[in-house]
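So the chains spell out like this:
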Amino acid sequence: MNRCAIVEDLLPLYVDNLLQEETKQWVEEHLPQCPSCQTALAQMEEVITVDLPNPNEEAAKTIKKVTRQMKRYEFILVTLAFLLAMRTTIIPELTFNGLWAYALLGGLLYAFYRTWLPPIVLSFVPSFLYYVQDDFGDASFTEIIISVASMGTIYTLLSLIGAFIAYAWIQALQKEEQR
Amino acid sequence: MNTLERAYMDVQPKLYRYFLAQLYDREMAEDLTQDVFYTALKRLHTFRGEASLETWLFSIARFHLLNYIRSKKKDPILQEEWALQLARESTEEEWLAKEETRTILAFIQTLPSPPKEVMTLRLFGERSFAEIGQLLGKSETYARVTFHRTKQKMQQRLEE
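Residues numbered from 1 in each chain as written. Chains lettered and ligands numbered in written order. Predicted model: local features only at pLDDT ≥ 70, side-chain atom pairs only at ≥ 80, totals over all residues. Heavy atoms only, no water.

Moving on, we get to the overall build of chain A. When you go through chain A residue by residue, the secondary structure sums to seven helices and zero strands. Each helix and strand of chain A, placed in order from N terminus to C terminus, yields the pattern α-α-α-α-α-α-α. Relative to the 2.2 N^0.38 estimate, which gives 16 Å for 179 residues, the radius of gyration of chain A is 32 Å and therefore markedly larger than a compact globule would have. Expressed along its principal axes, the backbone C-alpha trace of chain A runs to roughly 100 × 40 × 35 Å. When each of the 179 residues of chain A is scored for burial, the buried share is 35%. Sequence separation of at least 24 residues holds for 64% of the intrachain contacts in chain A that already meet a minimum separation of 6. (Helix = DSSP H or I, 4+ residues; strand = E, 2+ residues; numbered from the N terminus. Rg over C-alpha atoms; globule rule 2.2 N^0.38 Å. Buried < 20%, exposed > 50% of the residue type's maximum accessible area, 1.4 Å probe, protein only. Contact = heavy atoms within 4.5 Å.)

Here it is in structure tokens:
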């Protein structure tokens with residue numbers, strides 16, 4: 001078997017000093033007798049430096065800018081959730097508008113965060129907070145909580161349906177892209 | 001400063017050079033580098049800690065780069081601009097003034113996909129072989145051997 005071929009295969013590990021002592025010696029025995037392997041070794045050991053420029057914008061500035069932008073989006077989404085909760089509290093019947101609005105909110109939140117928690121939290125918590133302040137006559141505390149929580153659960157389910165549609169959509173788009 | 005911000009501060013110039021070496025477009029490289037932080041911030045909750053944050057940022061960078069290249073392939077106008085840019089910038093741009101830089105970048109451009117990725121991640125992204133293996137779904141040895149072999153070929157080209 002051609003010794004050069006084996007040495008050439010070993011060179012990447014030799015350069016990084018990863019060979020066992022015995023193998024290393026074996027390579028070193030071969031090298032002085034073989035100009036072509038010597039050249040290969042020299043070429044591998046050569047340090048490449050390519051000076052590419054730095055970005056214009058400093059990292060700290062990008063961080064500040066992007067964080068601010070993120071907060072703005074989050075603020076809009078949370079405001080939307082609360083506005084929706086306020087609206088559905090004033091008109092408590094499950095109208096068609098209320099239905100699709102929660103599905104839309106869920107879809108938006110899923111598309112933005114790509115996770116299920118925000119659609120759940122942001123459809124349940126705001127409506128819960130608004131309902132609790134409602135006038136429940138002389139209903140007991142537990143009765144109020146149960147009624148409020150069940151409304152919140154309905155909204156959450158709707159929001160999750162929207163989130164699921166967004167999820168399916170995103171999956172389909174990604175499959176399309178891969179083709 | 002939180003850990004994500006620290007990791008980004010550390011890799012930001014490397015991300016930029018990684019994009020620049022692949023795209024030859026300073027503005028685009030700048031935009032994509034910022035996109036990496038935006039995506040990372042939005043998706044931080046999906047970070048499982050299987051890799052380091054720095055490696056994770058580079059996996060986001062690869063995702064953005066591949067998306068961009070794919071969109072360019074679809075759009076003939078973008079493709080034309082790309083060709084023009086390569087022709088124009090290779091003579092005018094200050095950062096491409098050195099002939100050695102141009103030769104190396106041109107050589108890397110001609111490589112097939114996995115070696116090209118290994119070279120750009122190593123030379124410009126300054127990633128370790130273990131990280132490169134992780135990013136490409138291959139072994140550390142694969143990254144190491146591919147890098148040294150390709151570098152040897154590149155050196156041959158430079159000596160010609």
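The discussion continues.
All names here are of chain A. The positions UniProt marks with the feature "transmembrane region" (unreviewed entry) are residues 73-91, 111-132 and 144-170. From the first C-alpha to the last, residues 111-132 spans 30 Å; its make-up is 86% helix and 0% strand. In this annotation, residues 144-170 is assigned 100% helix and 0% strand; the end-to-end C-alpha distance for the span is 39 Å. (UniProt positions renumbered as here; feature names shortened; annotations may be inferred.)

Here we come to the pattern of salt bridges. Considering all chains together, one arrives at nine salt bridges over all chains under this definition. Of the charged contacts in the structure, one is a salt bridge between B:Arg149 and A:Asp9, with a shortest N-O distance of 3.0 Å. Residue B:Arg149 is found in helix α8 (residues 140-159), and its partner A:Asp9 is found in helix α1 (residues 3-15); the two belong to separate chains. On the basis of relative accessibility, which here comes to 33%, the residue B:Arg149 falls in the partly exposed class. The exposure class of A:Asp9 is partly exposed, given its relative accessible area of 48%. (Salt bridge = Lys/Arg side-chain N within 4 Å of Asp/Glu carboxyl O.)

This paragraph deals with unusual backbone geometry. The backbone of A:Asn17 shows a phi angle near 55°, a positive value even though the residue is not glycine. Along the polypeptide, A:Asn17 turns up in the loop between α1 and α2 (21-30). Phi is positive for B:Glu126, close to 55°, though the residue is something other than glycine.

What follows is about the side chain of B:Thr146. Mapped onto the elements of the fold, B:Thr146 is located in helix α8. Excluding residues within four positions of it along the chain, B:Thr146 makes contact with B:Pro115 and B:Val118.

So, on to the UniProt feature "domain: RNA polymerase sigma factor 70 region 4 type" (unreviewed entry) in chain B. Residues given the UniProt feature "domain: RNA polymerase sigma factor 70 region 4 type" (unreviewed entry) here are residues 103-154 of chain B. For residues 103-154 of chain B, the helix share is 81%, the strand share is 0%, and the end-to-end C-alpha distance is 9 Å.

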